[in-house]
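Now for the letters of each chain:
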Amino acid sequence: MRRSILVFALLLVCAGCTKTVILQGYKRADTLLYVRTNNYFDLDGAQSSFVKGKLKEHLSWHRSEELPRVADLLVEIARRGKEKFGHDDALWMESQILGMRDRTLTRIEPDCSEFLTTLNEEQMVNFRAQFAKETSEIEEEFHANQDKKAALRAKRLTDFMEFWTGSLDSAQKAKAQEIARDLPDLTAMRLAYRAHGMAQVERLVREKAGKEKTRDFLRSFWLLPGARPDPVAKQYSNESWKSFRTGTERMDGILTKEQRKKAADKMIELAQDLRKISLESN
């Protein structure tokens, strides 16, 4: 439930997506999230009713309360990026996004904790299989040579920038390759983060841990305010954001005036669409 409810995470990792895909995906988030959760755990009747009800409740809140904040953030990023989106701007954007994340995760954490306490070992077998399937792609990148890894990082960076700016020219793509080679390889850290989280969930289910203990884990692993941060999650979060800031700042320096305008216009247009969705009845 964590990642998909956070709409701005979708906006940040939307390489290959269109605006229509993003908007339609958000409108159908309750169905998409339910299907994803059911694929993971093969929900029983009580769990199915619980998940459907809570998804409707939390997404209704997110649509009315948080979506306007996302729209405002996009407009402000567009304003700041007209000439240059520098280091201070990137730090500001990071703090805004993390604030959105914290508000949403703080809201859903009690219900996620309650749900985790209902899992049994049979459901965990299914979860492990799905988890391993998703992890295999990261493992493939981990075992690739350095040139392949740099090419994959460059593609992610290029796709992200082109979503907002339109096509980059050959010189800009070459620069993306250069920037990507300088960015750290975080695949090992990402695998460790995922394995650590999975191991903790398995332990909680095996021990039939209560809601309080489960909540302590989630708050720590999700790095929520007031909780003692899980060191593995904290390191991965810090390094991921540092890499994102570096890549974005360096790519920003090679954009043309026309590309900046196109990006700003697209952000403002998307913000307007998100405000419309926010006003729609749930």
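Cut-offs applied
- Residues numbered from 1 in each chain as written.
- Predicted model: local features only at pLDDT ≥ 70, side-chain atom pairs only at ≥ 80, totals over all residues.
- Heavy atoms only, no water.
- Core = buried A, V, L, I, M, F, W, Y, C linked by side-chain atoms within 4.5 Å.
- Buried < 20%, exposed > 50% of the residue type's maximum accessible area, 1.4 Å probe, protein only.
- Helix = DSSP H or I, 4+ residues; strand = E, 2+ residues; numbered from the N terminus.
- Axes fitted to C-alpha atoms, helices over the stretch in contact; angles between N-to-C directions.
- Left-handed = near helix turned anticlockwise from the far one by under 90°.
- Contact = heavy atoms within 4.5 Å.
- Nonpolar A, V, L, I, M, F, W, Y, C, P; charged D, E, K, R; others polar.
- Expected span 1.5 Å × (residues − 1).
- Salt bridge = Lys/Arg side-chain N within 4 Å of Asp/Glu carboxyl O.
- Polar contact = N/O pair within 3.5 Å; in protein donor to acceptor, adjacent residues only side chain to side chain.
- Phe/Tyr/Trp six-rings, centres within 6.5 Å; stacked < 30°, edge-to-face > 60°.

1. Some words on the nonpolar core
With 35 residues, the main nonpolar core has Leu74, Ile77, Trp164, Met251 and Leu274 as its most contacted residues. Put simply, the parts of the chain that give this core at least two residues each are helix H3 (19-27), helix H5 (45-80), helix H6 (87-116), helix H8 (146-165), helix H9 (170-182), helix H12 (231-252) and helix H13 (257-279). Counting 32 residues, the second-largest nonpolar core is a separate cluster that includes Leu59, Cys112, Leu116 and Val201.

2. A closer look at the packing of helix H10 (residues 187-206) against H12
Here H10 crosses H12 at 145°, and the two axes come no closer than 9 Å. As for how H10 packs across H12, the hand of that crossing is left-handed. Contacts from Met189, Arg190, Ala192, Tyr193 and His196 in H10 reach Val232, Ala233, Gln235, Tyr236 and Glu239 in H12. Across the contact of H10 with H12, the residue classes tally to six nonpolar, two polar and two charged.

3. A few points about the side chain of arginine 260
Relative to the assigned elements, arginine 260 resides in helix H13. Beyond its immediate sequence surroundings of up to four residues, arginine 260 is in contact with Gly81, Lys82, Glu83, Lys84, Phe85, Asp252 and Leu255.

4. Some words on the side chain of threonine 214
Structurally, threonine 214 can be placed in helix H11 (residues 211-221). Here threonine 214 falls in the buried class, since its relative accessible area comes to 2%.

5. Some words on H10
Compared with an ideal rise of 1.5 Å per residue, which puts 20 residues at 28 Å, H10 spans 28 Å between its outermost C-alpha atoms and is within 8% of the ideal. Turning to H10, its buried residues number three or more, namely Thr187, Leu191, Tyr193, Arg194, Gly197, Met198, Gln200, Val201, Glu202, Leu204 and Val205. One or two positions beyond H10, positive phi appears at lysine 208, with a value near 55°.

6. Notes on the pattern of salt bridges
Per the counting criterion, the structure on display carries 31 salt bridges. The partner of arginine 128 in a salt bridge is glutamate 202, with the nearest N and O atoms 2.3 Å apart. With a gap of 74 residues between them, arginine 128 in helix H7 (residues 121-142) and glutamate 202 in helix H10 connect regions that are remote in the sequence. You can call arginine 128 partly exposed: its relative accessible area is 30%. Glutamate 134 is paired through a salt bridge with arginine 194; the nearest N and O atoms lie 3.9 Å apart. Here glutamate 134, found in helix H7, pairs with arginine 194, found in helix H10; they are 60 residues apart in sequence, far enough to count as distant. Given the relative accessible area of 29%, glutamate 134 is considered partly exposed. Among the charged side chains, a network of salt bridges with common partners joins Lys54, Glu57, Arg107 and Asp111.

7. As for the environment of threonine 37
Looking at the secondary structure, you find threonine 37 in helix H4 (residues 29-41). Residue classification places threonine 37 among the buried residues on the basis of a relative accessible area of 6%. Each C-alpha atom, one on threonine 37 and one on serine 48, is 9.2 Å from the other, the two residues being eleven residues apart in sequence. Within the structure, threonine 37 has its side chain in polar contact with the backbone oxygen of leucine 33 (distance 2.8 Å).

8. Topic: the packing of aromatic side chains
Across all of its chains, the model carries eleven aromatic pairs by this definition. Geometrically, the ring pair formed by phenylalanine 160 and phenylalanine 244 is edge-to-face, given 5.6 Å between the ring centres and 70° between the ring planes. Taken together, the residues phenylalanine 160 in helix H8 and phenylalanine 244 in helix H12 connect sequence positions 84 residues apart. Of the residues examined, phenylalanine 160 reaches a relative accessible area of 11% and is grouped as buried. Counting every residue linked through ring pairs, the aromatic cluster contains Tyr40, Phe41, Phe115, Phe127 and Phe131.

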